[in-house]
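As a plain string of letters, each chain reads:
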Amino acid sequence: MALEGADLRQALRDIEADCKARKLRLTVSRRRVLEVLLASEGPLKAYDIIEQYDTPKPKPPTVYRALQFLVDEGLAHRIEQINAYVPCRVSDHGMAAFLICDTCHHVEEYAAPRPNLDKGNFQVSQWVIEGVGTCGACLTQT
Ligand SMILES: [Zn+2]
Ligand SMILES: [Zn+2]
């Protein structure tokens, strides 16, 4: 679900307002990386983002730092299976779960309940819920 034109501008305005309310600093590079993610049809790796960034091209550490900020603040997610990033598409979720299509690399985000596995002294710092398979559109094409 790539955003463009007025939809993209509106999404960025909403995110700016959200960041302001949460007292987060959406710097030029953070905003631009998020814009590239929102405008993309599918998940992007860091070097894809650099490629789609306007000139002057940012240095990779700038993009990695911006991505880290966006992931830490829940504005974007890292898909571990494919080492790529997507903008957050679900507002107000505790945990993000992803279904990833092997064929077209489409990624869909869902809100997932927190697994009830926090047992004993183990403190979970990160949950990864990623289902890999074939999406409905690809299934009907075969
Ligand atoms: Zn999300
Ligand atoms: Zn597919």
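My aim in this report is to walk through the structure given alongside it, one point at a time. (Residues numbered from 1 in each chain as written. Chains lettered and ligands numbered in written order. Predicted model: local features only at pLDDT ≥ 70, side-chain atom pairs only at ≥ 80, totals over all residues. Heavy atoms only, no water.)

### Points about the overall build of the chain
Turning to step 1, where the next piece is worked out: For the chain, the count of helices and strands is five helices and five strands.
Turning to step 2, where the next piece is worked out: Beginning at the N terminus, the succession of helices and strands in the chain can be written as α-α-α-α-β-β-β-β-β-α.
Turning to step 3, where the next piece is worked out: Here the chain has a C-alpha radius of gyration of 16 Å; the compact-globule value for 142 residues is 14 Å, and the two agree.
Turning to step 4, where the next piece is worked out: With the C-alpha coordinates of the chain rotated into their principal frame, the extents come out at 45 × 45 × 30 Å.
Turning to step 5, where the next piece is worked out: Long-range contacts, defined as pairs at least 24 residues apart, comprise 49% of the intrachain contacts of the chain with a sequence gap of at least 6.
Turning to step 6, where the next piece is worked out: Of the roughly 9,200 Å² of accessible surface on the chain, 51% is carried by carbon and sulfur atoms. (Helix = DSSP H or I, 4+ residues; strand = E, 2+ residues; numbered from the N terminus. Rg over C-alpha atoms; globule rule 2.2 N^0.38 Å. Contact = heavy atoms within 4.5 Å. Areas by Shrake-Rupley, 256 points an atom, 1.4 Å probe, with all protein chains shown as cover.)

### Structural notes on the packing of helix α1 (residues 5–21) against helix α2 (residues 28–38)
Turning to step 1, where the next piece is worked out: Close contact between α1 and α2 brings their axes to 11 Å; oriented N to C, the two are set at 135°. Overall, the two elements α1 and α2 adopt an arrangement that is oblique. As for the relative orientation of α1 and α2, their crossing is right-handed in sense. Contact residues: L8, A11, L12, I15 and E16 in α1; R31, L34, E35 and L38 in α2.
Turning to step 2, where the next piece is worked out: Its residues assigned to classes, the contact of α1 with α2 shows six nonpolar, no polar and three charged. (Axes fitted to C-alpha atoms, helices over the stretch in contact; angles between N-to-C directions. Parallel < 35°, antiparallel > 145°, perpendicular 65-115°, else oblique. Left-handed = near helix turned anticlockwise from the far one by under 90°. Nonpolar A, V, L, I, M, F, W, Y, C, P; charged D, E, K, R; others polar.)

### As for the coordination of the zinc ion (ligand 2)
Tetrahedral coordination by four donors sets the ideal angle at the metal to 109.5 degrees; octahedral coordination by six donors sets it to 90 or 180 degrees.
Turning to step 1, where the next piece is worked out: Surrounding the zinc ion (ligand 2) are the protein donor atoms C101 (SG), C104 (SG), C135 (SG) and C138 (SG), which sit 2.3 Å from the metal.
Turning to step 2, where the next piece is worked out: One can describe the site at the zinc ion (ligand 2) as tetrahedral: its four donor atoms subtend angles covering 107 to 112° at the metal.
Turning to step 3, where the next piece is worked out: Counting gaps between the donor residues of the zinc ion (ligand 2) yields the pattern C-x2-C-x30-C-x2-C. Of this pair, C101 sits in strand β3 (residues 95–101) while C135 sits in the loop between β5 (129–133) and α5 (136–140); the two residues are 34 residues apart in sequence, bridging distant segments of the chain. Take C101 and C135: they sit in the same class, and that class is buried. (Donors = N, O, S within 2.8 Å, 3.2 Å for Na, K, Ca; no water. Tetrahedral: all angles 85-135°; square planar, octahedral: opposite > 155°, others 65-115°. Buried < 20%, exposed > 50% of the residue type's maximum accessible area, 1.4 Å probe, protein only.)

### Remarks on α2
Turning to step 1, where the next piece is worked out: What α2 keeps buried is the set R32, V33, L34, E35, V36, L37 and L38.
Turning to step 2, where the next piece is worked out: Those residues of α2 that are buried lie in contact with α1, α3 (46–52), α4 (60–72), β1 (76–79) and β2 (84–87).

### Structural notes on the packing of aromatic side chains
Turning to step 1, where the next piece is worked out: What the rule picks out here adds up to zero aromatic pairs.
Turning to step 2, where the next piece is worked out: Directly above the ring of F69 sits R30, whose terminal nitrogen or CZ lies 3.7 Å from the centroid.
Turning to step 3, where the next piece is worked out: A cation over a ring is seen here: R32 above Y53, with NZ or CZ 5.5 Å from the ring centre. (Phe/Tyr/Trp six-rings, centres within 6.5 Å; stacked < 30°, edge-to-face > 60°. Lys NZ or Arg CZ within 6 Å of the ring centre and 35° of its normal.)

### Comments concerning the sheet that holds β5
Pairing between the strands of a sheet comes from backbone hydrogen bonds, and it takes one of two forms, parallel or antiparallel.
Turning to step 1, where the next piece is worked out: A sheet is described by the order of its strands in space; here three strands give the open sequence β4-β3-β5, paired in mixed fashion. Each edge of the open sheet carries a strand with a single partner, namely β4 (107–112) and β5. Adjacent strand axes in the sheet meet at a mean angle of 20°, parallel and antiparallel pairs treated alike. (Pairing = 2+ DSSP bridges.)

### Remarks on the pattern of salt bridges
Turning to step 1, where the next piece is worked out: Counted according to the given criterion, the structure contains seven salt bridges.
Turning to step 2, where the next piece is worked out: E16 is the salt-bridge partner of R31, the closest N and O atoms lying 2.3 Å from each other. Linking R31 in helix α2 with E16 in helix α1, this pair joins segments that are 15 residues apart in sequence.
Turning to step 3, where the next piece is worked out: By relative accessible area, E16 is classed as partly exposed at 30%.
Turning to step 4, where the next piece is worked out: Linking D54 and R32 is a salt bridge whose minimum nitrogen-to-oxygen distance equals 3.1 Å. With D54 in the loop between α3 and α4 and R32 in helix α2, this residue pair connects regions lying 22 residues apart in the sequence. (Salt bridge = Lys/Arg side-chain N within 4 Å of Asp/Glu carboxyl O.)

From the geometry alone we can't say anything about function, so treat these as descriptive.
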